[in-house]
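Single-letter residue listing:
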Amino acid sequence: MLLVIDIGNTNIVAGGYREGDDSLLFHWRLSTDPHRTADEFGLFFNGLFAYEGLSLKDVRAVIISSVVPPLTPALEGMVEKYLGLRPLTVGPGIKTGMNILYEDPKEVGADRIVNSVAGYAKYGGPLIVVDFGTATTFDAISADGAYLGGAIAPGLGISTEALFEHAAKLSRIDLVRPKSVIGRTTVSSMQSGIIFGFAGQVDELVRRMKEELGGRAKVVATGGFAPLIAKETSTIDLVDEFLTLEGLRLIYLKNKE
């Protein structure tokens, strides 16, 4: 079994793939805690595997991508201590099969490259990948599979938290679609501004990126808030919940030797 782990600023997403094919056997989403140790992660993953009726001994290889540098050694240490394996960590020197046309390729977040690899492999190019994570990222891939760059905007979660923290009379709300854009309560007004506002942001950025790509591109969304926002946009073609995990699997295969 291949264990894939994506360490994000808000969540750690992990999944297991059957050896020899692309079947995703399980997936988990954990809150990111930068203070967790390798032993805490070991106990955590041991319990998750047991819940699935599996064992850590079933894992034959591990690949990790991370945008939280302090947590990377802890996950790597967990893999070495509890699985007896040396993990592959996405970073400089790793084969991705994708030409990175950023001015400094080292600046591109591992998750953005992983998403782009999976997106191009599954949907071809030109392609725009929108990832609704802690930040909302927009990544452009050319028709011949080169990573061109993109845009980074504040994510839905941190934007709403900032609103709650700095507006004394506004309390936290459930992020669900309101019945109308014109809210008749404070709660529905906030829901309207947040959800429809983010949808509008996505549509405008995608429109401008499509222009620079020659007027056409498929648009795929991923990340925790993708199902909520994508249906309110006019530019997102489809939602792929496991795009990042699939990208990790593909990069592992390119580096298997």
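Figured I'd write up the structure that's included with this text. (Residues numbered from 1 in each chain as written. Predicted model: local features only at pLDDT ≥ 70, side-chain atom pairs only at ≥ 80, totals over all residues. Heavy atoms only, no water.)

### So, the sheet that holds strand β1 (residues 2-7)
The five strands are arranged β3-β2-β1-β4-β5 in an open sheet whose pairing can be described as mixed. The open sheet terminates on both sides in strands that have one partner only, identified here as β3 (24-31) and β5 (88-89). Relative to strand β4 (residues 61-66), helix α2 (residues 72-83) is tilted by about 170 degrees, and along the sheet it contacts β1, β4 and β5. (Pairing = 2+ DSSP bridges. Helix = DSSP H or I, 4+ residues; strand = E, 2+ residues; numbered from the N terminus. Contact = heavy atoms within 4.5 Å. Axes fitted to C-alpha atoms, helices over the stretch in contact; angles between N-to-C directions.)

### A look at the pattern of salt bridges
The full count for this structure, using the stated rule, is eight salt bridges. Salt-bridge contacts for R177 lead to E232; the nearest nitrogen and oxygen are separated by 2.7 Å. With R177 in the loop between α4 (156-166) and α5 (186-212) and E232 in the loop between α6 (226-230) and β10 (238-239), the pair connects residues that are 55 residues apart, well separated along the chain. Since its relative accessible area comes to 47%, R177 is described here as partly exposed. Overlapping salt bridges bring together E204, R207, R208 and E211 as one network. (Salt bridge = Lys/Arg side-chain N within 4 Å of Asp/Glu carboxyl O. Buried < 20%, exposed > 50% of the residue type's maximum accessible area, 1.4 Å probe, protein only.)

### Re the sheet that holds β10
Across the sheet, which stays open at both edges, the five strands sit in the order β8-β7-β6-β9-β10 with mixed pairing between neighbours. The open sheet has two edge strands, β8 (147-154) and β10, and neither has a second partner. As paired elements, strand β6 (residues 127-132) and strand β7 (residues 135-141) share six bridges and run antiparallel to each other. Opposite V130, over in β7, you have F138 as the bridge partner. Where helix α3 (residues 110-123) meets the sheet, its contacts fall on β6, β7, β8, β9 (218-222) and β10, and the angle it forms with β8 comes to roughly 125 degrees.

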